[in-house]
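Secondary and tertiary structure notes
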Amino acid sequence: MKSDPFVKLIAGISLAFALPWIFIVILPFIANSNLEALPYAEGEEVEGGVTAYPDKAFYRHGSSDYGRQIYAAEGCAYCHTQVVRPTYAGPDMWRPGWGGREADGLARETQARDYMLETVAPLGYQRIGPDLSNVGHRITTPELMHQHLSDPKSLDYNSGMPAYMHLYEESPYGEGLVPTEKAEALVDYLLSLKKDQPVPSRG
Ligand code: HEC
């Protein structure tokens, strides 16, 4: 019996959706969902009592967990990504500071374990502004980070970054604009963004 062309068509379409779904979503999910932190070998430890990758001690704490919620609520991920792509997929590693500490030879592409300590990973999907994976290494003081949020045009007149004035308020003591609790937490979070922790040699 000749097979029905309609059945063939439906089977073909189903296969065309199922195969990419299996290879792009299901298999990477299974491979990456039970990752464990990798300990450093003897003599390989990173400064500051960091004994494994990833280790909370590598990132600054402050109120960065609350800050991550502000980052999500304010929609920063509509314009900023947090993934440094491998060079075969894009020129991220050629952009200054995107991969982390270049001067120390520690810049690298993002790896799956970099997201292990995050409840939700704000990968983002388009880049109107620069990737923020390692912004904590590029902008290192709270003052400068606040300026990027409250008055980006004072740093670059052509900046396309919106001014987040509603995260700042007029000081009752005549000190001008002061950050709200939300702005403080957001800045803690941005300063904690360092996705270049050295990977243990056996990793
Ligand atoms: C409409 C798009 C847009 C949104 C939304 C946006 N940004 Fe930006 N951002 C930009 C652009 C464009 C730049 C580059 C120009 C500049 O540095 O001012 C930038 C720059 C930055 C920088 C400086 C990065 C560097 O490497 O110098 C930081 C930090 C930053 N944004 C944080 C944030 C945070 C936090 C939020 C959410 C509260 C946010 N942005 C929302 C577009 C955006």
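Residues numbered from 1 in each chain as written. Predicted model: local features only at pLDDT ≥ 70, side-chain atom pairs only at ≥ 80, totals over all residues. Heavy atoms only, no water.

With respect to the overall build of the chain
Formally: Numbering of helices and strands runs from the N terminus, with a helix taken as a DSSP run of H or I at least four residues long and a strand as a DSSP run of E at least two residues long. All radius of gyration figures rest on C-alpha atoms, and the globule criterion is 2.2 Å times the number of residues raised to 0.38. Residue burial is assigned from relative accessible area. The probe radius is 1.4 Å, only protein chains are included, and a residue is buried under 20% of its type maximum, exposed over 50%, and partly exposed in between. Should any heavy atoms of two residues lie within 4.5 Å, those residues are considered in contact.
When you go through the chain residue by residue, the secondary structure sums to 5 helices and 4 strands. Rg of the C-alpha trace for the chain: 21 Å, well past the compact-globule value of 17 Å for 203 residues, more than 25% over. For the C-alpha atoms alone, the extent of the chain along its principal axes is close to 90 × 45 × 30 Å. Looking at the chain as a whole, 33% of its 203 residues are labelled buried. Summarising the internal contacts of the chain: among those between residues at least 6 apart in sequence, 67% fall at separations of at least 24.

So, the site of the ligand
Test applied: Distances are taken per atom, and a residue is near a molecule or strand as soon as one of its heavy atoms is within 4 Å of it. Polar contacts, as used here, are pairs of N or O atoms within 3.5 Å; protein pairs need one atom able to donate a hydrogen and one able to accept it. Residues neighboring in sequence count only if both atoms are side-chain atoms. Buried and open spaces are told apart on a 1 Å grid over the protein atoms alone, a cavity being a set of points where a 1.4 Å probe fits but cannot get out and a pocket being an open set with protein on both sides within 12 Å along at least five of seven lines. Residues with an atom within 4 Å of a point are the lining residues. Molecules are considered to sit inside a cavity or pocket once more than half of their atoms lie within 2 Å of its grid points.
Taken together, the neighbourhood of the ligand is formed by 21 residues, with Cys76, Cys79, His80, Ser159 and Met161 sitting nearest. One of the side-chain N or O atoms of Ser159 is found 2.4 Å from an oxygen atom in the ligand. Applying the majority rule of atoms within 2 Å of the grid points places the ligand in the largest pocket. Broken down by secondary-structure element, the contributors of at least two residues to the shell around the ligand are helix 4 (142-150) and helix 5 (181-191).

Points about the environment of Leu167
Mapping Leu167 onto the fold places it in the loop between helix 4 and strand 3 (168-170). Residue classification places Leu167 among the buried residues on the basis of a relative accessible area of 1%. Expressed as a C-alpha distance, the spacing of Leu167 and Glu45, which sit 122 residues apart in the sequence, is 39 Å. Filtering out sequence-adjacent residues up to four positions away, Leu167 remains in contact with Glu74, Pro179, Thr180, Lys182, Ala183 and Leu186.

Notes on the layout of surface pockets
Defined as follows: Grid points are joined across faces, edges and corners, and a volume is the space filled by probe spheres set on the points. Three classes are used: nonpolar for Ala, Val, Leu, Ile, Met, Phe, Trp, Tyr, Cys and Pro, charged for Asp, Glu, Lys and Arg, and polar for all others, with Gly counted as polar.
What the largest pocket holds in volume is close to 550 Å³. His80, Pro130, Leu132, His148 and Met161 are the residues nearest the centre of the largest pocket, which is lined by 25 residues in total. When residues of the lining of the largest pocket are traced back to their parent elements, those giving at least two are helix 3 (135-138), helix 4 and helix 5. The element that contributes the greatest number of residues to the lining of the largest pocket is helix 4, accounting for 3 residues. A breakdown of the residues in the lining of the largest pocket according to their chemical character gives 17 nonpolar, 6 polar and 2 charged. In this structure, the second largest pocket encloses a volume near 260 Å³. At 3 residues, the largest contribution of residues to the lining of the second largest pocket is made by helix 2 (residues 64-73). In the lining of the second largest pocket, the residues fall into 6 nonpolar, 4 polar and 9 charged.

Overview of the coordination of the iron atom of the ligand
So the rule is basically this: Only nitrogen, oxygen and sulfur atoms qualify as donors, provided they sit within 2.8 Å of the metal or within 3.2 Å for Na, K and Ca; with water excluded from the atoms, sites may seem incomplete.
Ligation of the iron atom of the ligand by protein atoms is provided by His80 (NE2) and Met161 (SD), these donors lying 2.0 Å from the ion. The class of His80 is buried, set by a relative accessible area of 11%.

Considering unusual backbone geometry
With an omega dihedral of 0°, the bond running from Tyr53 to Pro54 counts as a cis peptide bond. Summarising the element assignment, Pro54 is placed in the loop between strand 2 (52-53) and helix 2.

Focus on a nonpolar patch on the surface
Quick note on the threshold: What goes into a patch is any residue over 30% in relative accessible area without a salt bridge, connected to like charges within 9 Å or, for nonpolar side chains (Val, Leu, Ile, Met, Phe, Trp, Tyr), within 5 Å. Method for areas: the Shrake-Rupley scheme with a 1.4 Å probe, in which residue coverage is limited to the protein chains shown. Salt bridges are identified by distance alone: a Lys or Arg side-chain nitrogen within 4 Å of an Asp or Glu carboxyl oxygen.
A contiguous nonpolar surface patch, about 1100 Å² in accessible area, is contributed by Leu15, Leu19, Trp21, Ile22, Phe23, Ile24, Val25, Ile26, Leu27, Phe29 and Ile30. By the element assignment, Leu19 lies in helix 1 (residues 5-32).

Things to note about the packing of helix 2 against helix 5
Selection criterion: Axis definition: a line fitted to C-alpha atoms, over the contacting stretch in the case of helices. Angles run 0 to 180 degrees between N-to-C directions. Roughly parallel covers angles under 35 degrees, roughly antiparallel covers those over 145, roughly perpendicular covers 65 to 115, and oblique covers all other angles.
Interaxial distance between helix 2 and helix 5 falls to 7 Å at its minimum, and their mutual angle equals 105°. Put simply, helix 2 runs roughly perpendicular to helix 5. Of the residues in helix 5, those in contact with Ser64, Tyr66, Gly67, Arg68, Ile70 and Tyr71 of helix 2 are Glu181, Lys182, Ala185, Leu186, Asp188, Tyr189 and Leu190. A class-by-class count of the residues in the contact of helix 2 with helix 5 yields 7 nonpolar, 2 polar and 4 charged.

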